[in-house]
Amino acid sequence: MQPDDQIMQGPGERRVAEAAERIVAEGRPRLHRTWTSLVATSLLGGIDVGVGVMTLLFVRHETGSELLAGLAFSVGLIALLLGHSELFTEGFLVPVATVIAGAATWLDLARMWLTVLVMNLIGGWVFTWLVMRAYPDLHRTAAASGAHFVNGGYTLGTFCISVLGGGVITLMTRMHHGTESMTGKIVASIATAFVLAGLGLWHSVLDSLIAFAGLHTGGTAYGYADWLGWLAWAVLGNVVGGLLLTTALRLVRSAPVLSDGAPSAD
């Protein structure tokens, strides 16, 4: 797929067109992976986020600072970036653009979303169980942190927090594809972690793992049924934020490039 001359004339449009091409080139193999590959990369994504949750809980336990804990969580997003694993909310911009370009189907997208979400949660559940068994001193912090999200309630305010969470994590994906510099991508991951976790935005996978850590302690007032209701609310907000705040606007700007069609399979 080649950007046409009209797209290349506007200020900055060449970079936008090139980023759109990179997005579709990356999205095609992601959406056509085998089940084995999809499950494995999604499980690893849950584990990578789990590493970030572990560091977040440690820093929160030692310092009591939400902002420092959010910064510590960047370890998880950097692991996702460098390890090429899959996170549910990173499946908005790239896969949707790929479908719009005609390089995959909506069924491929639904398959990816469902598999990645479930496997992220399973991988994170196992990892946080290990963390809670290894570091019992973190039990009180984990239980209190998990309750903060699960008991947050289903209000307009919490929905907006979820929308912002989905928008911010998708913005990170857009920033990653706006540069070829690995240093720039790492900086984007650190900044996103600080905003997402440091400001307490709701993220369906990240905060589920925090909730799991609390549940593994056996000392929470909430249970798995409470978490499941919270998850549905958070996923809805994340999808709305990821698709409307970031993905839709990027697709509008990249529409002429995407309408040229998908890259060839050769």
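Residues numbered from 1 in each chain as written. Predicted model: local features only at pLDDT ≥ 70, side-chain atom pairs only at ≥ 80, totals over all residues. Heavy atoms only, no water.

Q: Would you mind going over helix H10 (residues 182-198) with me for this structure?
A: For an α-helix the count is 3.6 residues per turn, leaving residues at separations of three or four pointing the same way. With 17 residues, H10 ought to run about 24 Å at 1.5 Å a step, and its terminal C-alpha atoms sit 23 Å apart, in line with that. What H10 keeps buried is the set Ala 188, Ser 189, Thr 192, Ala 193, Leu 196, Ala 197 and Gly 198. Buried residues in H10 make contact with helix H3 (35-63), helix H4 (66-72), helix H5 (74-83), helix H9 (156-177) and helix H11 (204-217). Put simply, Ser 181 is the residue that caps the front of H10, since its side-chain oxygen is 3.3 Å from the backbone nitrogen of Thr 183. Gly 200 occupies a position one or two residues after H10 and carries a positive phi of about 75°. (Helix = DSSP H or I, 4+ residues; strand = E, 2+ residues; numbered from the N terminus. Expected span 1.5 Å × (residues − 1). Buried < 20%, exposed > 50% of the residue type's maximum accessible area, 1.4 Å probe, protein only. Contact = heavy atoms within 4.5 Å. Polar contact = N/O pair within 3.5 Å; in protein donor to acceptor, adjacent residues only side chain to side chain.)

Q: When you look at the pattern of salt bridges in this model, what are you seeing that I'm missing?
A: It is possible for side chains bearing opposite charge to pair when their charged atoms get close. Inspection of every chain in the model, using the stated rule, returns three salt bridges. Residue Glu 86 is joined to Arg 30 by a salt bridge in which the shortest nitrogen-to-oxygen separation is 2.3 Å. With a gap of 56 residues between them, Glu 86 in the loop between H5 and helix H6 (93-100) and Arg 30 in helix H2 (residues 13-31) connect regions that are remote in the sequence. Classification of Glu 86 by relative accessible area gives buried; the value is 4%. (Salt bridge = Lys/Arg side-chain N within 4 Å of Asp/Glu carboxyl O.)

Q: Is there a simple way to think about the confidence of the model for the protein chain in this case?
A: In low-pLDDT segments, the atomic positions of the prediction should not be examined closely. Of the residues in the protein chain, 86% reach a pLDDT of 70 or more, and the chain-wide mean stands at 88. Per-element mean pLDDT across the protein chain ranges from 48 in helix H1 (residues 5-9) up to 98 in H11. The model gives residues 3-8 a pLDDT under 50, and that stretch makes eleven contacts with residues more than four places away or in other chains. (pLDDT = per-residue confidence, 0-100.)

Q: What exactly am I supposed to notice about the side chain of Asn 238 here?
A: Assignment of secondary structure puts Asn 238 in helix H12 (residues 224-258). At 3.1 Å, the side chain of Asn 238 forms a polar contact with the backbone oxygen of Trp 202. Those residues in contact with Asn 238, other than ones at most four positions away along the chain, are Thr 89, Phe 92, Ser 162, Val 163, Gly 165, Gly 166, Trp 202, His 203 and Ser 204.

Q: Hey, could you run me through the nonpolar core in this one?
A: A general trend in soluble globular proteins is that nonpolar side chains are found buried together. Counting residues in hydrophobic clusters, the biggest one holds 56 residues, and the most contacted among them are Val 49, Val 53, Leu 57, Phe 73 and Phe 88. In terms of residues, this core owes the most to one element, helix H7 (residues 106-134), which gives nine residues. Ignoring anything within four residues of it in the chain, the contact list for Val 53 reads Phe 73, Leu 206, Leu 209 and Ile 210. (Core = buried A, V, L, I, M, F, W, Y, C linked by side-chain atoms within 4.5 Å.)

Q: Explain the environment of Val 51 to me, please; I cannot follow it from the model alone.
A: Here Val 51 lies in helix H3. Expressed as a C-alpha distance, the spacing of Val 51 and Phe 127, which sit 76 residues apart in the sequence, is 8.0 Å. Once you skip the residues sitting within four places of it in the chain, Val 51 turns out to touch Val 75 and Phe 127.

Q: Explain the packing of H9 against H10 to me, please; I cannot follow it from the model alone.
A: The description of two helices packed together rests on the angle between their axes and the distance between the axes. Interhelical geometry of H9 versus H10 gives an angle of 175° and a closest axis separation of 9 Å. Judged on the interaxial angle alone, H10 and H9 are roughly antiparallel. Across the interface between the two elements, Gly 165, Val 168, Ile 169, Met 172, Met 175 and His 176 from H9 touch Lys 185, Ala 188, Ser 189, Thr 192, Val 195 and Leu 196 from H10. (Axes fitted to C-alpha atoms, helices over the stretch in contact; angles between N-to-C directions. Parallel < 35°, antiparallel > 145°, perpendicular 65-115°, else oblique.)

Q: It is not clear to me how the side chain of Thr 158 should be interpreted in this structure. Could you clarify?
A: Within the fold, Thr 158 resides in helix H9. Since its relative accessible area comes to 7%, Thr 158 is described here as buried. At 3.0 Å, the side chain of Thr 158 and the backbone nitrogen of Thr 155 are in polar contact.

Q: How should I be thinking about the environment of Ser 42 in this particular structure?
A: Note that Ser 42 resides in helix H3. Each C-alpha atom of the pair Ser 42 and Val 116 lies 5.0 Å from the other, and the pair is 74 residues apart in sequence. With near-sequence residues (within four places) excluded, Ser 42 lies in contact with Glu 86, Thr 115, Val 116, Met 119 and Asn 120.

Q: Just to check I follow, could you spell out unusual backbone geometry for this structure?
A: Note: most peptide bonds trans; most residues except glycine with negative phi. Despite not being glycine, His 84 shows a phi value in the positive range, around 55°. Looking at where His 84 falls in the secondary structure, it is placed in the loop between H5 and H6.

Q: Hey, could you run me through a nonpolar patch on the surface in this one?
A: On the surface, Leu 114, Val 118, Ile 122, Trp 125, Val 126, Trp 129, Leu 130 and Tyr 224 cluster together into a nonpolar patch covering about 740 Å² of accessible area. If you trace the backbone, Tyr 224 turns up in helix H12. (Patch = residues over 30% accessible without salt bridge, like charges linked within 9 Å, V, L, I, M, F, W, Y side chains within 5 Å. Areas by Shrake-Rupley, 256 points an atom, 1.4 Å probe, with all protein chains shown as cover.)

Q: Would you mind showing me how to read the environment of His 84 here?
A: On the accessibility criterion, His 84 (65% relative accessible area) is exposed. In the structure, His 84 is positioned 43 residues away from Thr 41 in sequence and 7.7 Å away in space, judged by C-alpha atoms. Sequence-distant contacts of His 84, defined by excluding residues within four places in its chain, comprise Thr 41 and Ala 79.

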